[in-house]
Amino acid sequence: MTDKIKKIRLTDRNVKFLEKVEEISGESITLCDQCGTCSAGCPFVEEMDITPSQLMREVLLGQEEVLRARTTWICASCFTCTVRCPRMLDVSKVAEALRQIGLRQAIDEIDINIIDREEYRKMPTIALVSAYRKLTG
Ligand code: SF4
Ligand code: SF4
């Protein structure tokens, strides 16, 4: 852990958020030592706004703003990071937990109302159902 992180004092709210994500994901996020292996191997990292290891750090620090990170939605649960993590952490479960918390707060990734009607008609039903289930609360 870097000196910068050591100096940060977590508030009760930060700790609560961290504990909530740990409870829902079942992952011991405090074990993350920020080695960056997950980010280095993630096949979708180019599409993400923050890397998987940054996502873990934000949660570790109890930063609720991480609920707005697109990375949680981009993570495809491919488990590449999971099999490589030296701490045996599953980032995809953390991303899933963040999606659940976000959706409970009505933080939707897509707004169904702004999808173009023509586009809507062309979309395969399975894509629409998947989008409704994963990206909206
Ligand atoms: S690979 Fe594991 S320990 Fe390393 S930064 Fe990612 S989650 Fe943390
Ligand atoms: S599970 Fe998610 S974060 Fe991990 S490598 Fe796959 S897409 Fe990236």
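> Tell me about empty space enclosed by the protein, and name the residues and values.
As enumerated under the stated definition, the model contains 2 cavities of 30 Å³ or more in all. Here the largest cavity defines a volume of roughly 130 Å³. Forming the boundary of the largest cavity are 16 residues, of which Cys42, Met48, Pro52, Cys75 and Cys81 lie nearest the centre. The element best represented in the lining of the largest cavity is helix α7 (residues 91-104), accounting for 3 residues. Residues of the lining of the largest cavity, tallied by class, amount to 13 nonpolar, 3 polar and no charged. Roughly 100 Å³ of volume is contained in the second largest cavity. Around the second largest cavity sit 14 residues that line it, and Cys32, Cys35, Cys38, Cys85 and Leu89 are the ones nearest its centre.

> Break down the nonpolar core for me, with residues and values.
Considering soluble globular proteins, one finds that nonpolar side chains tend to be buried as a cluster. Residues Val21, Ile29, Val59 and Leu98 are the most contacted members of the largest nonpolar core, which totals 27 residues. Counting residues per element, the ones that place at least two in this core are α2 (12-25), α4 (52-60) and α7.

The rules behind the values
- Numbering of residues starts from 1 in each chain and follows the order in which that chain's sequence is written.
- All chains are assigned letters beginning with A, and all ligands numbers beginning with 1, in the order in which they are written.
- Given that the model is predicted, a residue must reach a pLDDT of at least 70 before its local features are reported, and side-chain atom pairs must reach 80 or more before they are shown or counted; all residues, however, enter totals for whole chains, interfaces and linings.
- Computation of side-chain values: all heavy atoms of the structure, hydrogens and water removed.
- Points on a 1 Å grid over protein atoms alone make up a cavity when a 1.4 Å probe fits among them but cannot get out, and a pocket when they form an open set with protein on both sides within 12 Å along at least five of seven lines; lining residues each have an atom within 4 Å of a point.
- Grid points are joined across faces, edges and corners, and a volume is the space filled by probe spheres set on the points.
- Helix and strand assignments follow DSSP, with helices taken as H or I runs no shorter than four residues and strands as E runs no shorter than two, numbered in order from the N terminus.
- Each residue gets one of three labels, nonpolar for Ala, Val, Leu, Ile, Met, Phe, Trp, Tyr, Cys and Pro, charged for Asp, Glu, Lys and Arg, and polar for the others, Gly among them.
- For this analysis, a nonpolar core means a set of buried residues of the types Ala, Val, Leu, Ile, Met, Phe, Trp, Tyr and Cys, connected via side-chain atoms within 4.5 Å.
- Exposed residues in this analysis have more than 50% of their type's maximum accessible area, buried residues have under 20%, and partly exposed residues fall in between, with area computed by a 1.4 Å probe over protein chains only.

What is shown is where atoms sit, not what they do.
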